[in-house]
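Descriptive structure summary
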Amino acid sequence: KTAVVVSPLISLMNDQVTHLNNTVGGGRARKLACFLGSSQYDPSVETNALEGRYSVVYVTPEKLMGGGFLSRLAELHKRQ
């Protein structure tokens, strides 16, 4: 399952992703969390998030509502 956290606080979300991946994730190659928003420049992160490869996905409201992201997220929900 993937949990989605929506927040406009980009800096806080980035800190949470780093903390989760470095502590709970134990520094494993597979990351537990990711951030999706205007400052995310790696398209593979979004692809991996929509394939359910992260346990927690932090996303900005703009990202959630733009570019068909919400409908793709609904597809992930159906698969899980």
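Shown above is the structure to which this text applies.
Definitions and limits used
Residues numbered from 1 in each chain as written. Predicted model: local features only at pLDDT ≥ 70, side-chain atom pairs only at ≥ 80, totals over all residues. Heavy atoms only, no water. Helix = DSSP H or I, 4+ residues; strand = E, 2+ residues; numbered from the N terminus. Polar contact = N/O pair within 3.5 Å; in protein donor to acceptor, adjacent residues only side chain to side chain. Contact = heavy atoms within 4.5 Å. Pairing = 2+ DSSP bridges. Axes fitted to C-alpha atoms, helices over the stretch in contact; angles between N-to-C directions.

1. Some points on the side chain of T2
Along the chain, the position of T2 falls in the segment before β1 (3-6). A distance of 3.0 Å separates the side chain of T2 from the backbone oxygen of Y54, its partner in a polar contact. Discounting chain neighbours no more than four positions away, the residues touching T2 are G52, Y54, S55, V57, L76 and Q80.

2. Some remarks on the sheet that holds strand β3 (residues 56-59)
With parallel pairing, the three strands of this open sheet are ordered in space as β1-β3-β2. Of all strands in the sheet, those with a lone pairing partner are β1 and β2 (33-36), marking the two edges. Each strand axis lies, on average, 20° off the axis of its neighbour in the sheet, ignoring direction. By the bridge criterion, four bridges tie β1 to β3 in an arrangement that is parallel. Bridged to A3 within β3 is V56.

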